[in-house]
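Below are the chains, spelled out letter by letter.
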Amino acid sequence: MKRIKTLVVDDSQFMRVILTKLLEKEGISVIGTAKNGKEAVEKTKDLSPDVILMDINMPVMDGLEAIKRIMYEKPTPIVVLSGVTKNDRDKGKRAIEYGAIDIIDKPSGELSIDISTKIPEIVSKIKIASSSTIKGSKPCLLYTSDAADELDGVDLGGRRII
């Protein structure tokens, strides 16, 4: 089975290192990391990941702006992993509007030392995202939870929820 090439984007070096180790242990190939949205845009063009796992609040360029640019320059499935979407649903909705496939809340905020509790969900959503039709066409949004209910009234840019 082909390993899913993933780019991990988070401003916390701790989160980048721990996510890389945990994902690799689960058979996900982490082909690169980025510490901000600007690096994420550049590395997406250079590395061509199958999926991007991205935080929202980052210096230089935040995740929302990076999602917009990646979807314009090199459309790639993005799963948002962030501590801000739990308390700020508007940022989560905007991430979906801009092209993210799904959102996962960090268990204890931006620096989640207990992130290992979320690894089964993260791996599952990376696998789902890797099979999306985002490259070359308007993506379908794939949901396995009640997240679609939260998108009521959100402009999905011609995409549909399945």
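**Examining unusual backbone geometry**
Its identity is not glycine, yet S48 carries a phi of approximately 50 degrees, on the positive side. Mapped onto the secondary structure, S48 falls in the loop between helix 2 (37-47) and strand 3 (51-54). Even without being a glycine, V60 presents a positive backbone phi close to 70 degrees. Relative to the assigned elements, V60 resides in the loop between strand 3 and helix 3 (63-73).

**Description of the sheet that holds strand 5 (residues 102-105)**
Strand order in the open sheet formed by 5 strands is 2-1-3-4-5, with parallel pairing between adjacent strands. Of all the strands in the sheet, the pair left with one neighbour each is strand 2 (29-34) and strand 5. Neighbour-to-neighbour, the strand axes of this sheet turn through a mean angle of 20 degrees, independent of strand direction. Inspection of the sheet shows strand 1 (residues 5-9) paired to strand 2 by 5 bridges, in the parallel sense. Bridging across to strand 2, T6 finds its partner in V30. Running at roughly 145 degrees to strand 2, helix 2 makes contact with strand 1, strand 2 and strand 3 of the sheet.

**Re the side chain of E39**
Along the polypeptide, E39 turns up in helix 2. A polar atom in the side chain of E39 sits 3.0 Å from the backbone nitrogen of K35. The contact partners of E39, leaving out residues within four places of it in the chain, are T33 and A34.

**Brief notes about the packing of helix 1 (residues 13-25) against helix 5 (residues 119-130)**
Relative orientation of the contacting elements helix 1 and helix 5 amounts to 70 degrees, with a least axis distance of 11 Å. Relative to helix 5, the element helix 1 is oriented roughly perpendicular. Listed contacts from helix 5 to L19, L22 and L23 of helix 1 are I119, I122, V123 and I126. A breakdown of the residues in the contact of helix 1 with helix 5 according to their chemical character gives 7 nonpolar, no polar and no charged.

**Focus: the environment of K93**
Positionally, K93 belongs in helix 4 (residues 89-98). Along the sequence, K93 and I103 sit 10 residues apart, while their C-alpha atoms lie 9.2 Å from each other.

**Regarding helix 4**
Taken together, the buried positions of helix 4 are occupied by K91, G92, A95 and I96. All buried residues of helix 4 project into a common sector of 140 degrees when viewed along the axis, lining one side. At the C-terminal side of helix 4, G99 shows a positive phi close to 130 degrees.

**What about the pattern of salt bridges?**
Per the counting criterion, the structure on display carries 10 salt bridges. Here R3 and E24 are joined by a salt bridge, their closest N and O atoms 2.8 Å apart. Linking R3 in the segment before strand 1 with E24 in helix 1, this pair joins segments that are 21 residues apart in sequence. R3 gets classed as partly exposed once you look at its relative accessible area, which sits at 40%. Look at E24 and you get partly exposed, because its relative accessible area is 31%. Notably, a salt bridge pairs E42 with K38, separated by 4.0 Å at the nearest N-O pair. Of the two residues, E42 and K38 both sit in helix 2, 4 residues apart, roughly one turn of that helix. For E42, a relative accessible area of 37% translates into the label partly exposed. Each of D102, K118, E121 and K125 takes part in one network of salt bridges that share partners.

About the criteria used
Residues numbered from 1 in each chain as written. Predicted model: local features only at pLDDT ≥ 70, side-chain atom pairs only at ≥ 80, totals over all residues. Heavy atoms only, no water. Helix = DSSP H or I, 4+ residues; strand = E, 2+ residues; numbered from the N terminus. Pairing = 2+ DSSP bridges. Axes fitted to C-alpha atoms, helices over the stretch in contact; angles between N-to-C directions. Contact = heavy atoms within 4.5 Å. Polar contact = N/O pair within 3.5 Å; in protein donor to acceptor, adjacent residues only side chain to side chain. Parallel < 35°, antiparallel > 145°, perpendicular 65-115°, else oblique. Nonpolar A, V, L, I, M, F, W, Y, C, P; charged D, E, K, R; others polar. Buried < 20%, exposed > 50% of the residue type's maximum accessible area, 1.4 Å probe, protein only. Arc of directions from axis to C-beta. Salt bridge = Lys/Arg side-chain N within 4 Å of Asp/Glu carboxyl O.

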